[in-house]
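Descriptive analysis of the structure
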Amino acid sequence: MKTPSRPAARPLDWTAVRSRMAAAIEQTEALLEAAQQDSEAQYEQRSTGVAVDVSAGQSEEQAVGLVIFVLADRQFALEIRYVCEIVSRARVSPLPGMPPHACGVYDLRGQLLPVFDLRGTLDLPQEARIADDWAIVCGQERPEFLILSEAAPEISTLPLEEIRAAEPAPGKAWHWATTKIGAVILDGRRLLDDRRFFLEDEQITASDETERTEFHESPTSE
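Residues numbered from 1 in each chain as written. Predicted model: local features only at pLDDT ≥ 70, side-chain atom pairs only at ≥ 80, totals over all residues. Heavy atoms only, no water.

Details of the pairing of strand β5 (residues 111-116)
In this structure, strand β4 (residues 102-108) lies alongside β5, joined through six bridges in antiparallel fashion. Across the sheet, residue valine 105 finds its bridge partner in β5, namely proline 114. Joining the antiparallel neighbours β4 and β5 is a turn of two residues, in which arginine 109 adopts a positive phi near 50°. The pairing of β5 with strand β7 (residues 143-149) spans two bridges and is parallel. Each residue of the ladder has a partner; that of valine 115, found in β7, is leucine 146. (Pairing = 2+ DSSP bridges. Helix = DSSP H or I, 4+ residues; strand = E, 2+ residues; numbered from the N terminus.)

Overview of the nonpolar core
Within the largest apolar cluster, 39 residues are counted, with the highest numbers of intra-cluster contacts made by Phe69, Leu118 and Leu186. In this structure, leucine 186 is in contact with Phe69, Phe76, Ala77, Leu78, Leu118, Leu122, Trp174, His175 and Trp176, ignoring residues within four places of it in sequence. Formed by eight residues, the second largest nonpolar core is a distinct cluster that contains Leu158, Ile163, Ala177 and Ile185. (Core = buried A, V, L, I, M, F, W, Y, C linked by side-chain atoms within 4.5 Å. Buried < 20%, exposed > 50% of the residue type's maximum accessible area, 1.4 Å probe, protein only. Contact = heavy atoms within 4.5 Å.)

Observations regarding the sheet that holds β7
In space, the five strands of this open sheet follow the order β3-β6-β7-β5-β4, with mixed pairing throughout. The sheet is open, and its two edges are formed by β3 (83-88) and β4, each paired on a single side. Direction aside, neighbouring strands of the sheet carry axes that sit 30° apart on average. (Axes fitted to C-alpha atoms, helices over the stretch in contact; angles between N-to-C directions.)

Some words on the pattern of salt bridges
Summed over all chains, the structure comprises seven salt bridges. Taking the shortest distance from any N to any O, the salt bridge between glutamate 85 and arginine 109 comes out at 2.7 Å. On the criterion of sequence distance, the pair formed by glutamate 85 in strand β3 and arginine 109 in the loop between β4 and β5 is long-range, its members being 24 residues apart. Looking at glutamate 85, the relative accessible area reads 24%, which means it is partly exposed. When its relative accessible area of 65% is taken as the criterion, arginine 109 is described as exposed. With a closest N to O distance of 3.9 Å, aspartate 187 and arginine 190 form a salt bridge. For aspartate 187, a relative accessible area of 19% corresponds to the buried category. Connected through shared salt-bridge partners, Asp117, Arg119 and Glu150 make up one network. (Salt bridge = Lys/Arg side-chain N within 4 Å of Asp/Glu carboxyl O.)

Everything listed here is a matter of geometry and, on its own, says nothing about what the molecule does.
Here it is as structure tokens:
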């Protein structure tokens, strides 16, 4: 059996190899430069769009959305970003052992939330109990508590020129601004962070269980 012979190795043309490598490098650099220019053009286009969006946002921020409610025949307001919803015909269940400014709890789709009457904390007259007809669910990321209103709350959008900063005064830490018509805008951030509106879950649950026990317990006849 004859072993096949290999062809003689041809000498490598290094000049041609270097020429092809240089051409490949030049072509790669050209493609990279074109891609970079295209990327920069897209970035400028997006930046222009962002600038327009920011400008539009600034024009929208020239007005403030408010929820206006009534306490002691006076108008108060909260920025709409601190309001989750408005509840009508709110059935508030009074519970024992709660602070004076707390009216009870409200069952918001299975979640028990405390309900507060702000008249005492705002140094307003409390001649009669507020009816449970209207309440505002306060919170940002989630509902935290409700505050009662003597009348149906109104949603309004006011231009900034109709709002002026409230003058600092003792006992009015919540007062953030006033409107042209005299409504006091409360500082929603301070309201949500006020420790007077933090009730322990255990307290609400225990009070709720006490109420249910007293309600369902049958009177014993002697």
